[in-house]
Amino acid sequence: MHTLTLAGISAGIKARRFSSVEVTQHFLGRIERLNPALNAFITVTADQALAQAAAADQVVAAGKGGPLTGVPIAHKDIFCTDGVLTTCASKMLSNFVSPYDATVVRKLKEAGVVMLGKTNMDEFAMGSSNETSWYGPVKNPWDLSRVPGGSSGGSAAAVAARIAPAATGTDTGGSIRQPAALTALTGIKPTYGRVSRYGMIAYASSLDQGGVLTLNAEDAALLLGAMSGFDERDSTSVDLAVPDYTATLNQPLKGIKVGILKEFFGKGLEATTESLVRDALEVYERLGATLVEVSLPNLPLSVPTYYVVAPAECSSNLSRFDGVRFGYSCAEPKDLLDLYTRSRGEGFGAEVKRRIMTGTYVLSAGYYDAYYIKAQKVRQLISDDFKRAFAQVDLLVGPTAPTTAFELGAKVDDPITMYLNDIYTIGANLAGLPAMSIPCGFVEGLPVGLQLIGPHFAEAKLLNAAHQYQQQTEWHRRIPAGYA
Amino acid sequence: MSLTRDDVLDIARLARLAITPAEMPGLSDSLPKILTFVEQLSAAQTADVEPMAHPLDGQSQRLRSDTVSETDAHERYQQNAARVEASLYLVPKVIE
């Protein structure tokens, strides 16, 4: 039962082959048995899940419900969940019980989705390996000595280990796509503004976007469709109708123009990864796509641009954690300043502090123009590069990550090396573009991801291209040893 | 790019972060490395470029009518606060 896709579980519930309660119990049992070695969950909401599942079964018994009724998933612990601990993997929020649901959570609840629990992540989504979590690192089910990627590492490990059939994630610089690549999953980050950020704890507001990690493109289409759409509670939410992403999955790709991103195939990319990505390009050629080499000359500046813009926004967003209204509060504060500085100093981890301080510096008087304004100008250049590319091609394709999953602890002491994990994914965030990662092979038993980037609001085309690839390949069906 | 111990403490003060002596070496080492890394942006030609304000073209902040849309839930919200009395958040005395 646990190897079924969301669509498979949905069909099984509808055909009464099993009930939502039975599926939910099955996954809760697997979580209990397999999660201790993975550390993919921070909170498991078993009682609530079974109550939601029982309610879903009644809806189905009455002949009602939709394609997601009774289907269990996990939520990244960055999404606020009413009455449930919502930690963002930080000591700062280790006691925070959210008084409301994020819009994403509410929409999926309304669609009948059952929540299994809240997944581990890098603290406040700041990391690329899930090692900055206050709750400890997550292990990659493909090799427990390696990282699952980050920041949505718990979501990735949970789905890859089949202890949850799908999970939500968020992506500020690659936090859905990079873990999807490192665990052989399908992950999509939609266009900025497509999914509401209301109740999604903010890191860098002009880059953050919610999305999903699933077993294939069809499930991603199903789940993303249900959580997308306009929300008046998010001032950057876009008021544009959401197409039925599942309706166009089977469109032929004949005549589509696919751009090969020249800058993604330079030094730093492992040769074994490159060769698998090039094999995937051949699959697209066989499917009728025309391949064109495209150059985005400013793209190599995306990582330094990101490490000015994101910390700047983070230093502003995280100023709300002051030890007064919610979250960790230090013991016996001497005065107001002591309350602020010690609550924050004791409540945030090392990487979060590093980014807050970087952001504080680049926004401070005398440095604002040289760092922040300069970075926003380069961001415009990168965005213009993408615009020019999409005048020529329908999609851009390249690797998701430069290497396969690395060993736990291998990069924790060197922030720059860690930041360069996201070298291929950050560009899409800076330009607000939809992008996804799909499995395209294995190197010594470790998964490799293929990245697809589209123009604004081209989610349907991305999912179509991913689905067509998955009709020709079997990589996405592989299950890590011990989890089948 | 280098930062003195006082520079680091000054940034921490602006960020309202208490830094322990044990954290100093890590920050003194990594912050200058990050700032040096991002300095490669200075080579980009941006003379005629407007700083990007929004990831999507032509988007502006929406306005909504000034009407009450939330109901009072302060008791619920204040359950997450460390110190509350008579529906008020408590902080150390500010005015002597």
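Preceding this section is the structure that the text describes.
These notes cover the structure that comes with them. Just so you know, these numbers come straight off a predicted model, no measurement behind them.

### Re the pattern of salt bridges
Residues and elements named next belong to chain A. In total, this model carries 21 salt bridges over all chains according to the counting rule given. With a shortest N-O distance of 3.3 Å, Asp234 and Arg197 are connected by a salt bridge. In this pair, Asp234 sits in the loop between helix H7 (217-227) and strand S7 (257-261) while Arg197 sits in the loop between strand S5 (186-189) and strand S6 (210-214), placing the two residues 37 residues apart along the sequence. The exposure classification of Asp234 matches that of Arg197, with both residues buried.

### Regarding the interface of chain A and chain B
Chain A puts 76 residues into the contact, and the matching count from chain B is 49 residues. Across the chain A to chain B interface the summed buried area is about 5,100 Å²; carbon plus sulfur atoms make up 67%. Between chain A and chain B we count three salt bridges in total. The residue Glu70(B) makes a salt bridge to Arg233(A) at a minimum N-O spacing of 2.9 Å. Linking chain A to chain B there are 18 residue pairs in polar contact (both at pLDDT 80 or more). At the level of secondary structure, the elements contributing two or more residues to the side of chain A that touches chain B comprise helix H9 (302-317), helix H10 (336-347), helix H11 (350-363), helix H12 (368-392) and helix H13 (415-419) of chain A. It is H12(A) that provides the largest number of residues to the side of chain A that touches chain B, a total of 12 residues.

### Some points on the pairing of strand S3 (residues 114-119) of chain A
All names here are of chain A. Counting buried positions along S3 yields six of six residues, so the element is predominantly enclosed. Alignment of strand S1 (residues 41-44) against S3, held across three bridges, turns out to be antiparallel. Of the residues in S3, the one forming a bridge with Phe41 is Thr119. Where strand S2 (residues 72-76) and S3 come together, four bridges link them in parallel fashion. Residue pairing for S3: Lys76 is matched across the bridge by Thr119.

### Here we look at the pairing of S7(A)
All names here are of chain A. Counting buried positions along S7 gives four out of five residues, so the element sits mostly inside the fold. Relative to strand S8 (residues 290-294), S7 is paired through five bridges, and the arrangement is parallel. Paired with Lys257 across the two strands is Thr290, which belongs to S8. The pairing of S7 with strand S9 (residues 395-399) spans three bridges and is classified as parallel. When the sheet's bridge partners are listed, Ile260 is paired in S9 with Val397.

### Thoughts on the nonpolar core
Residues and elements named next belong to chain A. Counting 169 residues, the largest nonpolar core has Phe124, Tyr284, Phe386, Leu452 and Ile453 as the members making the most contacts within it. Ranked by the residues each element gives to this core, the list is headed by H12, at nine residues. Leave out the neighbours within four places in its chain, and Phe124 touches Cys88, Ser90, Met92, Leu93, Ile201, Tyr203, Leu318, Phe321, Phe348 and Val352.

### Observations regarding unusual backbone geometry
Negative phi values dominate among residues other than glycine, just as trans dominates among peptide bonds. Residues and elements named next belong to chain A. Going from Gly150 to Ser151, the amide bond is cis rather than trans, its omega being 10°. Among the structural elements, Ser151 can be located in the loop between S3 and helix H5 (153-160). Positioned with a positive phi, Phe124 is a non-glycine residue whose angle comes to about 55°. A positive phi angle is found at Glu444, which is not glycine, with a value near 50°. Looking at where Glu444 falls in the secondary structure, it is placed in the loop between strand S10 (435-443) and strand S11 (446-453). The exposure class of Glu444 is exposed, given its relative accessible area of 81%.

### Quick notes on H9(A)
For H9(A), built from 16 residues, the straight-helix expectation of 22 Å at 1.5 Å per residue is met to within 8% by its first-to-last C-alpha distance of 22 Å. The element H9(A) is largely enclosed, with a buried count of 15 among its 16 residues.

### Things to note about the packing of aromatic side chains
All names here are of chain A. Summed over all chains, the structure comprises 18 aromatic pairs over all chains. Relative to Phe442, the ring of Trp142 lies with its centre 5.0 Å away and its plane at 55°, an arrangement referred to as tilted. Here Trp142 is found in the loop between S3 and H5, whereas its partner Phe442 is found in strand S10, with 300 residues between them in sequence. Judged by relative accessible area, Trp142 falls into the buried class, the value being 16%.

### Regarding the layout of surface pockets
Residues and elements named next belong to chain A. One number sums up the size of the largest pocket: a volume of about 690 Å³. Lining the largest pocket are 30 residues, and of these Cys80, Phe96, Tyr100, Tyr198 and Gly199 sit closest to its centre. For the lining of the largest pocket, the class distribution of residues is 15 nonpolar, seven polar and eight charged. Taken as a whole, the second largest pocket encloses approximately 450 Å³ of empty space. Along its surface, the second largest pocket is lined by 21 residues, and Lys267, Gly268, Leu420, Ile423 and Tyr424 are the ones closest to its centre. Among the elements that make up the lining of the second largest pocket, the one with the highest residue count is H9 (three residues).

### Points about empty space enclosed by the protein
Residues and elements named next belong to chain A. On inspection of all chains with the given rule, the structure shows three cavities of 30 Å³ or more. Around the largest cavity, the lining residues are Ala125, Gly127, Ser128, Gly173, Ser175, Tyr203, Tyr306, Tyr307, Arg355 and Asp422. Put simply, the second largest cavity is a space of about 40 Å³. Residue lining of the second largest cavity: Gln52, His75, Val105, Leu108, Lys109, Val113, Val114 and Met115, and that is the complete set. Mapped by element, the contributors of at least two residues to the lining of the second largest cavity are helix H4 (103-110) and S3. Looking at the lining of the second largest cavity, the element that brings in the most residues is H4, giving three residues.

Rules behind the numbers
Residues numbered from 1 in each chain as written. Chains lettered and ligands numbered in written order. Predicted model: local features only at pLDDT ≥ 70, side-chain atom pairs only at ≥ 80, totals over all residues. Heavy atoms only, no water. Salt bridge = Lys/Arg side-chain N within 4 Å of Asp/Glu carboxyl O. Helix = DSSP H or I, 4+ residues; strand = E, 2+ residues; numbered from the N terminus. Buried < 20%, exposed > 50% of the residue type's maximum accessible area, 1.4 Å probe, protein only. Contact = heavy atoms within 4.5 Å. Buried area = accessible area lost by both parts, 1.4 Å probe. Polar contact = N/O pair within 3.5 Å; in protein donor to acceptor, adjacent residues only side chain to side chain. Pairing = 2+ DSSP bridges. Core = buried A, V, L, I, M, F, W, Y, C linked by side-chain atoms within 4.5 Å. Expected span 1.5 Å × (residues − 1). Phe/Tyr/Trp six-rings, centres within 6.5 Å; stacked < 30°, edge-to-face > 60°. 1 Å grid on protein atoms, 1.4 Å probe; cavity = no way out; pocket = protein on both sides within 12 Å on 5 of 7 lines; lining within 4 Å. Points joined across faces, edges and corners; volume = space filled by probe spheres on them. Nonpolar A, V, L, I, M, F, W, Y, C, P; charged D, E, K, R; others polar.

Purely spatial values, then, with no claim about function.
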